[in-house]
Amino acid sequence: MSIRKTLLTCVFLLSSALYTQPAAVAQEAPVYLFEHERRLVILPFWNETGKKELDYLSTSIGKILSDTIGSLQYINVADPAVTFYVNPRQQSANRPGQENRSVTPARVAFSVLVPEFTKETHTIMLVPEKNLQAQKMKAHYLVTGRIYEPDEKEIKEHELFLEIELFDAMQGASFKFLYRLDDRTILRNLARPGSDVKNHLMGPSQAKILVKTEEPGARVYLDDVYLGRTPVDGSFQPGAYLLRVEQEGKNSATRRVELLDAADNEFEIALSLQNNSAGLRVVSLPEEAMVYLDSTYLGKTPLERNDLPPGTHRLRLSMEKHIDRFIGVKLENGKTAEIDAELAEGDTLALYRNPGYAIFDWTYSDLSFYCLITTLGWYGGWMYMTVRADAVEASIRPMVPVMAGFYELSLASTALASSAGNPALAYYYNNLLEKNRLEALRLHRYAKMSAGSGIFSLLLSGLFIYRYLALDGKETGEVGLEISPGTRFRFEPVVQPASMYGIQAVSGYSAGKSGLFPGNAFIVAFDIQL
């Protein structure tokens, strides 16, 4: 029996022994996974006016439109696409797109992308088919457009037309919007075009929302999307949301709301006053430093207060001829936070205005890194030259005894002719040895030059990193994330049969007794708990 058959047999026996499939655990209906996000891409607009001074509108229009359209965080999809489904055990399995299912609208996330005007973007803009443009940009919705001047018979000074085309790649349909605008104020008058595109994406099903507070000016958030300050009156997608209202000096209010279609969804939120009983004690060296909590002046150090609002704040200590200190502090009612700070001498404005650029957009950190890489290069050159010099010196050594022998023979053969030997042969041997010595000396000289350059580059790297660290002391006053030392991740394996999940066909492929999963196969799922 082959090894493969043996392994398959062991797996089958193990799965059968570990679990016996219970009866009647298969799901009755398929399990569907739908799309959860759609994206809109705004391509640069074509400038067909012939005026070069209006070229800036090509990218500016899209960026301003994205501010209005981007406030739409969710959209309702009448027929959401199925990305994956699991079919229960049955005689005939339907494939995605052919199954009989009840279509229910779904709310999916919505995002807006404005790509930069690059060569690739321009190439996509030249494609005439909108569906291919959307495919290349991976967009569910595509916004394109152009600006052009009207006919000469109707033309007015500074007047032009703005045409916006919204292409729905899911439905394969295009919708156009035309506006007559003034080229001098076109960017200030894009609120209506943006709202028209936004309302079209929202569809006729829109929920009116009105949020009020006893004192106006409270900030309103709907699922962490900022809607404005009370009173807030606008349109949104119907559905369930988390409404949060915040105001200075008062406790925030959060509630779950249901926005109904074609109804006046009015909410009047009552905010209670904060119990400002949090304490703060601040001492500094030197003393007499001014203390600011966020933007509120509290006094000079040493300072002690017990009537401050709870929450996370930024503390600033400022003193003349000293660098400001920024410290994050978390205040709690009934507790006193203690701050002990030391102010260094210096100019705060000079420190924070200096971006740390040494040459153009290269920082000291960049220069330190480049010098370190250069040091490694010089070190590599020193090693290469040293190895070459040693090799040159070693290449002549085996030949020295041979040369000496030939030299002695030459002297013996010419002893009768001349008592001075053969000077030409002696000169030749001596010349070979001298050339070898000079070549090795030249390589050693280059190695020393490379080593010296490497040492100089290393010193520069240290200098630049020192300058970088000297500039890297700018505080932000943020409170760091506190992680409990007792936090642990627990991985608990849960052994369950595949049939409990109704897995019989995946992505439309039938799985019988000899299909994707055996009858007694099991799934090991890890339950991650914090």
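I will try to describe carefully the structure that is included in this document. Predicted model, so just to flag it, every value in this text is computed and none were measured. (Residues numbered from 1 in each chain as written. Predicted model: local features only at pLDDT ≥ 70, side-chain atom pairs only at ≥ 80, totals over all residues. Heavy atoms only, no water.)

Moving on, we get to the sheet that holds strand 17 (residues 278-285). On the basis of which strands lie adjacent, the open sheet formed by three strands has the order 20-17-23 and mixed pairing. Of all strands in the sheet, those with a lone pairing partner are strand 20 (303-308) and strand 23 (336-342), marking the two edges. Ignoring which end each strand starts from, the neighbouring axes of this sheet average 15° apart. Sheet analysis places strand 17 next to strand 23, joined by seven bridges and oriented parallel. Residue pairing in the sheet places L280 in a bridge with A337 of strand 23. (Pairing = 2+ DSSP bridges. Helix = DSSP H or I, 4+ residues; strand = E, 2+ residues; numbered from the N terminus. Axes fitted to C-alpha atoms, helices over the stretch in contact; angles between N-to-C directions.)

This model, assessed by the stated rule, comprises six aromatic pairs. Ring centres of Y292 and Y297 lie 5.3 Å apart, and the angle between their planes is 55°; on these two criteria the pair is classed as tilted. Y292 gets classed as buried once you look at its relative accessible area, which sits at 18%. We classify Y297 as partly exposed; its relative accessible area is 42%. Above the face of the Y221 ring, R244 is positioned so that its terminal group lies 4.3 Å from the ring centre. Looking at R316, its charged tip hangs above the ring of Y292, at a distance of 4.3 Å from the centre. (Phe/Tyr/Trp six-rings, centres within 6.5 Å; stacked < 30°, edge-to-face > 60°. Buried < 20%, exposed > 50% of the residue type's maximum accessible area, 1.4 Å probe, protein only. Lys NZ or Arg CZ within 6 Å of the ring centre and 35° of its normal.)

Right, let's talk about the pairing of strand 9 (residues 173-182) for a bit. Examined bridge by bridge, strand 8 (residues 159-168) and strand 9 share ten bridges and lie antiparallel to one another. Across the sheet, residue L166 finds its bridge partner in strand 9, namely F175. The antiparallel hairpin formed by strand 8 and strand 9 contains four residues in its connecting segment, where G172 sits at a positive phi of about 70°.

So, about the nonpolar core. Note that soluble globular proteins tend to have their nonpolar side chains buried in a common cluster. By size, the foremost hydrophobic cluster in this structure holds 28 residues, and its most contacted members are I61, L162, I164 and L201. When contributions to this core are tallied by element, the ones reaching two or more residues are strand 2 (37-42), helix 2 (57-69), strand 4 (74-77), strand 6 (106-113), strand 7 (141-148), strand 8, strand 9 and helix 5 (191-202). The residues contacting I164, other than those within four sequence positions of it, are F45, L65, V143, T144, G145, F175, K176, F177, Y179, P193 and V197. In terms of nonpolar packing, the next biggest core, distinct from the first, is built from 18 residues, L317, I327, V329 and L343 among them. (Core = buried A, V, L, I, M, F, W, Y, C linked by side-chain atoms within 4.5 Å. Contact = heavy atoms within 4.5 Å.)

Position of G279 among the secondary structure elements: in strand 17. Here the alpha-carbon distance between G279 and K335, two residues 56 residues apart in the chain, equals 5.7 Å. Those residues within four positions of G279 in sequence are excluded, and the remaining contacts are R305, N306, L331, E332, K335, T336 and A337.

Further remarks concern the side chain of E163. Within the element layout of this structure, E163 appears in strand 8. With residues near it in sequence (within four places) discarded, E163 still touches F45, T144, G145, R146, Y148, K176, F177 and L178.

Taken in spatial order, the four strands of this open sheet run 12-11-14-15, and their pairing is antiparallel. Each edge of the open sheet is held by one strand with a lone partner, namely strand 12 (225-229) and strand 15 (253-259). Averaged over all neighbouring strand pairs, the angle between strand axes comes to 25°, with direction disregarded. Relative to strand 12, strand 11 (residues 219-222) runs antiparallel, the two sharing four bridges.

A separate point is the pattern of salt bridges. According to the stated counting rule, one finds 19 salt bridges in the structure shown. Between R244 and E246 there is a salt bridge, with its nearest N and O atoms 2.9 Å apart. In this structure, a network of salt bridges that share partners links the residues R219, R244, E246 and E248. (Salt bridge = Lys/Arg side-chain N within 4 Å of Asp/Glu carboxyl O.)

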